[in-house]
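# Remarks on the overall topology
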Amino acid sequence: MKSYPNFQILYYSTVDSTNQLARQFAEQGETKELLVVADQQTAGRGRGGKRWLSVPRECLTFSLLLRPVNKNAEHCPQLALILGLSLAQAMEKLGFHPQLKWPNDVYLNEKKIAGILLENAVRSDRLQWVIAGVGVNINVKKDNFPQKLREIATSLFIEGKKEIATDLFLQEFLTIFSSWYCNWINNNKIQHLLEEYTKRSMVLGRLVTYEKQGKRYQARAERIDENGGLWVIREEERHRLSWGEVSIASNNKTQTQLNFGSDGGETR
């Protein structure tokens, strides 16, 4: 596997959770930025504590331990955009046309193909470390998905009809991510990132429902701001969403769940 100067790469055949392992390194004071990759996770997690499917040699599962210590806590959602865009662009290099489901999922043909989970530690409003857990369905066969996921999840193999080396995809991702990440660390301007992310968004312009203070609302997604928040228009007023659960209405019949950050919402 190609070596990347910014990351020390740790490879395991089987672990409980690459995020959990990366967190242990972080809490023990590891100062290097790490890539922890495993053939199989036995207790991998998605958002909301949900279990992430990990099929040996068919899924790519890894975690990045990052130390963006010059960034504030409010900048962390930007990293979710960078990760999602990097995954999408890696798939595009292989001939696919993915879409981004704000803020932490990647879709192909309206089915989920990759997910991201972020954890962080903050001190005096500065990020001490961020762990980005990533799961990508590379060569998963349809029969290897649980029955309840077969109509809502997919893989590069299912969509492309051929197997893809997980190492190849990981190298493509790391090359793209390293570029975006280094630019983010050294530059507060993210307009180009937002433009590229917005091009691939499957949320913007669509009718969504969300919950706030125990009530359900319906609004149209308008834009994503520079801090990673989603702005929606409801009853001619704009609202900024940055926590909770949002659903996208598809043909007024089915809905797909959208999760986002935990730092509240505001209106203007």
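Residues numbered from 1 in each chain as written. Predicted model: local features only at pLDDT ≥ 70, side-chain atom pairs only at ≥ 80, totals over all residues. Heavy atoms only, no water.

### So, the packing of helix H2 (residues 76–93) against helix H4 (residues 166–186)
For clarity, the threshold we go by: Under this scheme, a helix contributes an axis fitted over its contacting stretch, all axes are lines through C-alpha atoms, and angles between N-to-C directions fall in the 0 to 180 degree range. In this description a helix means any DSSP run of H or I spanning at least four residues, a strand means any run of E spanning at least two, and both kinds are numbered starting from the N terminus. Take the far helix as the reference: if the near one is turned anticlockwise from it by less than a right angle, the crossing is left-handed, and if turned clockwise, right-handed. Contacts are residue-level and defined by heavy atoms, with any inter-residue pair within 4.5 Å sufficient. We call Asp, Glu, Lys and Arg charged. Ala, Val, Leu, Ile, Met, Phe, Trp, Tyr, Cys and Pro are nonpolar, and the rest, Gly among them, are polar.
H4 packs onto H2 with a crossing angle of 140° between their chain directions and a minimal axis gap of 8 Å. For the pair H2 and H4, the crossing hand works out as right-handed. For the pair H2 and H4, the contacting residues are Gln78, Leu79, Ile82, Leu83, Leu85, Ser86, Leu87, Gln89, Ala90, Met91 and Lys93 in the first and Phe169, Glu172, Phe173, Ile176, Phe177, Trp180, Tyr181 and Trp184 in the second. Residue classes in the contact of H2 with H4 are distributed as 14 nonpolar, three polar and two charged.

### So, the sheet that holds strand E6 (residues 111–123)
We count it as follows: Strands are treated as partners if at least two bridges between them are detected by DSSP.
Judged by pairing direction, the sheet is mixed, and its seven strands sit side by side in the order E1-E2-E3-E7-E6-E5-E4 without closing on themselves. Whereas interior strands pair on both sides, the edge strands pair on one side only; in this sheet they are strand E1 (8–15) and strand E4 (99–101). Mean inter-strand twist for the sheet, computed between neighbouring axes without regard to direction, equals 20°. The sheet contact formed by strand E5 (residues 105–108) and E6 spans four bridges and is antiparallel. Bridge pairing in E6 places Leu108 opposite Lys111. On the sheet, H4 packs against strand E2 (34–41), strand E3 (59–66) and strand E7 (126–137) and is oriented at approximately 30° with respect to E3.

### Points about the pattern of salt bridges
Threshold: The working definition used for a salt bridge is a side-chain nitrogen of Lys or Arg within 4 Å of a carboxyl oxygen of Asp or Glu. Only protein chains enter the calculation, and the probe is 1.4 Å; a residue is then buried if its accessible area is under 20% of its type maximum, exposed if over 50%, and partly exposed in between.
The full count for this structure, using the stated rule, is 13 salt bridges. Note that Arg23 is salt-bridged to Glu27, the shortest N-O span being 2.9 Å. Of this pair, Arg23 and Glu27 both sit in helix H1 (residues 18–27), four residues apart, which is roughly one turn of the helix. Judged by relative accessible area, which is 31%, Arg23 ranks as partly exposed. On the basis of relative accessible area, Glu27 is assigned to the exposed category, the value being 54%. Close ionic contact of Lys101 with Asp105 constitutes a salt bridge, the shortest N to O distance being 3.9 Å. Comparing Lys101 with Asp105 shows no difference in burial state: the two are buried. Among the charged side chains, a network of salt bridges with common partners joins Glu92, Glu196, Lys199 and Arg200.

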